[in-house]
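Listed here are the chains, written in short residue letters.
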Amino acid sequence: MAGNFLLEYIEKDSVVHRMNGAAKLISFLLWTTAIMLTYDTRFLIFLTVFGFFLFKVSKIRFKEVKIVFYLISVFLLLNLMMIFLFSPLEGTKIYGTQHDIFRIAGRYVLTWEQLFYEFNIFVKYISVIPVALLFIVTTHPSEFASSVNRIGVPYKFSYAVSIALRYIPTVQEDFMTINKAQQAKGVDVSKKVGFIKRIKNVSYTLMPLIFSSIEKIDVISNAMLLRGFGKKNKRTWYCEKKMKSRDIFGILLTLVFVIISALLIKINNGRFYNPFR
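Keep in mind that this is a model prediction, so the values were computed, not measured. (Residues numbered from 1 in each chain as written. Predicted model: local features only at pLDDT ≥ 70, side-chain atom pairs only at ≥ 80, totals over all residues. Heavy atoms only, no water.)

(A) Quick peek at the packing of helix α2 (residues 41–57) against helix α10 (residues 245–267). Here α2 crosses α10 at 165°, and the two axes come no closer than 11 Å. Taken together, α2 and α10 sit at an angle that is classed as roughly antiparallel. For the crossing formed where α2 meets α10, the hand is left-handed. Taking contact as the criterion, the partners of F43, F46, L47 and F50 in α2 are, on α10, L253, F257, I260, S261 and L264. Tallied by class, the residues present in the contact of α2 with α10 amount to 8 nonpolar, 1 polar and no charged. (Axes fitted to C-alpha atoms, helices over the stretch in contact; angles between N-to-C directions. Helix = DSSP H or I, 4+ residues; strand = E, 2+ residues; numbered from the N terminus. Parallel < 35°, antiparallel > 145°, perpendicular 65-115°, else oblique. Left-handed = near helix turned anticlockwise from the far one by under 90°. Contact = heavy atoms within 4.5 Å. Nonpolar A, V, L, I, M, F, W, Y, C, P; charged D, E, K, R; others polar.)

(B) Spatial organisation of the packing of α2 against helix α6 (residues 129–137). Two numbers describe how α2 lies on α6: the axes approach to 8 Å, and their chain directions differ by 30°. If you check the angle between α2 and α6, you find them roughly parallel. The two elements α2 and α6 cross, and the hand of that crossing is left-handed. From α2, G51, F52, L54 and F55 reach across to α6, where they touch P130, V131, L133 and L134. A breakdown of the residues in the contact of α2 with α6 according to their chemical character gives 7 nonpolar, 1 polar and no charged.

(C) Representation of the confidence of the model for the chain in the model. Scored by pLDDT, the chain comes out at a mean of 82, with 92% of its residues at no less than 70. Across the chain, the secondary-structure element scoring lowest on mean pLDDT is helix α7 (residues 141–150), at 74, and the one scoring highest is α10, at 93. (pLDDT = per-residue confidence, 0-100.)

(D) View of the nonpolar core. Of all hydrophobic cores here, the largest spans 19 residues; its most connected members are F55, I60, V65, I121 and L133. Elements supplying a minimum of two residues to this core: α3 (66–86), α5 (112–126) and α6. It is α3 that provides the largest number of residues to this core, a total of 5 residues. Membership of the second largest hydrophobic core comes to 16 residues, among which are F28, W31, V131 and V258. (Core = buried A, V, L, I, M, F, W, Y, C linked by side-chain atoms within 4.5 Å. Buried < 20%, exposed > 50% of the residue type's maximum accessible area, 1.4 Å probe, protein only.)

(E) Quick look at the domain arrangement of the chain. Along its sequence, the chain is organised into domain 1 (15–140 + 240–268) and domain 2 (152–227). Measuring from the centre of the C-alpha atoms in domain 1 to the corresponding centre in domain 2 gives 28 Å. (Domains from an automatic or database assignment.)

(F) Structural view of the pattern of salt bridges. In the structure shown here, the tally under the stated rule is 2 salt bridges. A salt bridge links R18 to D13, with the nearest nitrogen and oxygen atoms 2.5 Å apart. For the salt bridge of D40 with R42, the shortest nitrogen-to-oxygen distance reads 2.8 Å. Accessibility expressed as a relative area gives 46% for R42, which makes it partly exposed. (Salt bridge = Lys/Arg side-chain N within 4 Å of Asp/Glu carboxyl O.)

(G) Quick look at the pairing of strand β1 (residues 100–105). By the bridge criterion, 4 bridges tie β1 to strand β2 (residues 108–111) in an arrangement that is antiparallel. Residue pairing across strands places R103 opposite V109, the latter belonging to β2. Counting the residues in the hairpin turn of β1 and β2 gives 2 residues, including G106, whose phi is positive at 60°. (Pairing = 2+ DSSP bridges.)

Take a look at the structure:
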């Protein structure tokens, strides 16, 4: 599976894999909350480094998720370009000063404030990516569903999330299969054709993928209905993990990050750390 487009559970023996699924979900939500609350560059860089450290601890190799990471990075860079295109002086409004680097044309002036603001946006997203990928590739869908159900979430919702996590690699496999079939018919998506033409050719894959997905949803729904899914208020689980000390530690650690993030708002007199004052 290494190096392909699949994004699914990867079985390893690491402390991250051994964590309870619900604990990982709570920790991930707290981690995301801490990042959303602040634009303090120092804290965001720390979380980014710590996130990649967790990636190392999980024993997940970068090449196993690199394509997904690259795709997210491309969209992130496009987002940064759009921010400058539509609001080139947003940084000066936020930090209250303007230090020009050079003028491009008209209202488009590259400033240190704008660069710093967009760097914060970049770090903000990058600090989430490794932890989000970890949550997906280190959490077995069935174990996650059972863990979430144990903390009080209705099992119908838990099972729906489990199916969604299981379905991610299926959709990706179908996409690659249909894409290869289209290429065999002469639909070129390589670098030999222009970018616009390539996007158009890739779109030919979407309709068959949508119909294939709808067909699979119908099959799964009928199978669940025939087995009486949802008739009882409770159910048992084959995969289940109890909360242990490592799970409590993970939750408390990310809760500390949220508290630090909230304190930084008070220290910085706002969400933004301003080095230009």
